[in-house]
Amino acid sequence: GAGVSQSPRYKVAKRGQDVALRCDPISGHVSLFWYQQALGQGPEFLTYFQNEAQLDKSGLPSDRFFAERPEGSVSTLKIQRTQQEDSAVYLCASSLLRTGPLSGNTIYFGEGSWLTVV
Amino acid sequence: AQKVTQAQTEISVVEKEDVTLDCVYETRDTTYYLFWYKQPPSGELVFLIRRNSFDEQNEISGRYSWNFQKSTSSFNFTITASQVVDSAVYFCALSEVDTGGFKTIFGAGTRLFVKA
């Protein structure tokens, strides 16, 4: 499809397991964002890429979280040694321009990867 | 520090009623942007509107209207003649220019139920 695609849609991980969540942004989109959304809460910013450069990773909650976008298109969010508090929906978003959400630049969100850590 | 507060956790209305979703924000910046997003059960966030801090004109788009008041730091959203398809979680959000604009701060959301 033409939208932001995320996989897997649902993931159940055992505590301590590593997980990798994939995001395929809209083709040609420069900016890519990851957000974490806990149940009943709003999304919280994790990290931002402009092409392959990770310009802001201040929202990553711990060093167990790592994101990459090596070729400036597909991005992977990796969570090592998952904990129960990591259970959330992980939303990926992309936008065409590098100016983030402040210009006439619409951000398109994927449907999210629902992670449950048991 | 920036913060977005949506005091209404859930609202339930009957179809054709008007409903207003409240949003109050905090920011130290003079230049910022406010947004509303809709999140249907499928999970993706759908952009509804963006408003910059220098534009206090109210906006109407079909059944949707937005009231931005800097004096009270509020950016409320009204749906007129609500429909069942409006049922979703609605998020108000804030981005500050001084932080590069990439970190959008979201409120906790208001879940709207529209009953037939």
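The structure we're discussing is the one just above.
Since this is a predicted model, take the numbers as computed values, not measurements.

Caption draft 1: Layout of the overall build of chain A. When its secondary structure is counted, chain A shows zero helices and eleven strands. The C-alpha radius of gyration computed for chain A amounts to 13 Å, which stays within 12% of the reference 13 Å derived for 118 residues, consistent with globular compactness. Expressed along its principal axes, the backbone C-alpha trace of chain A runs to roughly 40 × 25 × 25 Å. Every one of the 118 residues in chain A was classed for burial, and the buried ones make up 47%. Within chain A, contacts between residues at least 6 apart in sequence are counted, and of these 54% link residues at least 24 apart. In the form shown here, chain A has an accessible surface area of approximately 5,700 Å², with 49% of it arising from carbon and sulfur atoms. On chain A, the mean spot of the 11 positive side-chain charges and the mean spot of the 11 negative ones are 4 Å from each other.

Caption draft 2: Region of the structure containing the layout of surface pockets. Volume-wise, the largest pocket comes out at about 580 Å³. Lining of the largest pocket is provided by 33 residues; of these, Gln37, Leu39 and Gly40 of chain A together with Gln39 and Arg111 of chain B occupy positions nearest its centre. Elements with a contribution of two residues or more to the lining of the largest pocket: strand 2 (10-13), strand 9 (88-95) and strand 11 (113-117) of chain A together with strand 10 (88-96) and strand 12 (110-115) of chain B. Take the lining of the largest pocket: its biggest share by element is four residues, from strand 12 of chain B. Residues belonging to the lining of the largest pocket are distributed by class as follows: 17 nonpolar, twelve polar and four charged.

Caption draft 3: Just the environment of serine 95 of chain A, in detail. All names here are of chain A. As for its placement among the helices and strands, serine 95 is situated in strand 9. On the basis of relative accessibility, which here comes to 0%, the residue serine 95 falls in the buried class. Taking the C-alpha atoms as reference points, serine 95 and lysine 78, 17 residues apart in sequence, are found 22 Å from one another.

Caption draft 4: Local environment of the state of the cysteines. Residues and elements named next belong to chain A. For the structure on display, the rule yields two disulfides over all chains. There is a disulfide in this structure between cysteine 23 and cysteine 92, and the S-S distance comes to 1.9 Å. Taking the sign of the torsion about the S-S bond as the criterion, the disulfide between cysteine 23 and cysteine 92, at about -70°, is left-handed. Of this pair, cysteine 23 sits in strand 3 (residues 19-24) while cysteine 92 sits in strand 9, and the two are 69 residues apart along the sequence. For cysteine 23, a relative accessible area of 0% puts it in the buried group.

Caption draft 5: View of the nonpolar core. Grouped together as the largest cluster of nonpolar side chains are 24 residues, with contacts concentrated most on Trp36, Trp66, Phe75, Phe77, Tyr90 and Leu112 of chain B. Elements that contribute at least two residues to this core include exactly strand 2 (10-14), strand 3 (19-21), strand 5 (32-39), strand 6 (46-52), strand 8 (64-69), strand 9 (74-79), strand 10 and strand 12 of chain B. Leaving out residues up to four positions away in the same chain, leucine 112 of chain B has contacts with Ile11, Val13, Val19, Ile79, Asp86, Ser87, Ala88 and Tyr90 of chain B. In this structure, Val4, Phe65, Ala67 and Tyr90 of chain A belong to the second largest nonpolar core, which totals 20 residues.

Caption draft 6: Local environment of the packing of aromatic side chains. All names here are of chain B. Tallying each qualifying case throughout the model produces 20 aromatic pairs over all chains. With a centroid separation of 5.8 Å and an interplanar angle of 80°, the aromatic rings of phenylalanine 68 and phenylalanine 75 are classed as edge-to-face. Assessed through its relative accessible area of 2%, phenylalanine 68 is described here as buried.

Caption draft 7: Representation of the pairing of strand 2 of chain B within the structure. All names here are of chain B. With burial as the criterion, only one face of strand 2 is covered, namely that bearing Ile11 and Val13; the residues Glu10, Ser12 and Val14 on the opposite face remain uncovered. The pairing of strand 2 with strand 12 spans five bridges and is parallel. Residue pairing for strand 12: valine 14 is matched across the bridge by lysine 115.

Caption draft 8: How the structure looks around the sheet that holds strand 8 (residues 75-79) of chain A. All names here are of chain A. One open sheet holds the four strands; their spatial order is 1-3-8-7, and the pairing between them is antiparallel. In this open sheet, the two edge strands, each paired with only one partner strand, are strand 1 (5-7) and strand 7 (65-68). The sheet shows a mean angle of 15° between the axes of neighbouring strands, direction not considered.

Caption draft 9: Quick peek at the side chain of serine 31 of chain A. Residues and elements named next belong to chain A. Considering the arrangement of structural elements, one finds serine 31 in strand 4 (residues 31-37). The exposure class assigned to serine 31 is buried, which follows from its relative accessible area of 0%. In this structure the side chain of serine 31 is engaged in a polar contact, spanning 3.0 Å, whose partner is the side chain of tyrosine 48.

Definitions and cut-offs
Residues numbered from 1 in each chain as written. Chains lettered and ligands numbered in written order. Predicted model: local features only at pLDDT ≥ 70, side-chain atom pairs only at ≥ 80, totals over all residues. Heavy atoms only, no water. Helix = DSSP H or I, 4+ residues; strand = E, 2+ residues; numbered from the N terminus. Rg over C-alpha atoms; globule rule 2.2 N^0.38 Å. Buried < 20%, exposed > 50% of the residue type's maximum accessible area, 1.4 Å probe, protein only. Contact = heavy atoms within 4.5 Å. Areas by Shrake-Rupley, 256 points an atom, 1.4 Å probe, with all protein chains shown as cover. Lys, Arg positive; Asp, Glu negative; His and termini not counted. Charge placed at Lys NZ, Arg CZ, Asp CG, Glu CD. 1 Å grid on protein atoms, 1.4 Å probe; cavity = no way out; pocket = protein on both sides within 12 Å on 5 of 7 lines; lining within 4 Å. Points joined across faces, edges and corners; volume = space filled by probe spheres on them. Nonpolar A, V, L, I, M, F, W, Y, C, P; charged D, E, K, R; others polar. Disulfide = S-S within 2.5 Å. Core = buried A, V, L, I, M, F, W, Y, C linked by side-chain atoms within 4.5 Å. Phe/Tyr/Trp six-rings, centres within 6.5 Å; stacked < 30°, edge-to-face > 60°. Pairing = 2+ DSSP bridges. Axes fitted to C-alpha atoms, helices over the stretch in contact; angles between N-to-C directions. Polar contact = N/O pair within 3.5 Å; in protein donor to acceptor, adjacent residues only side chain to side chain.

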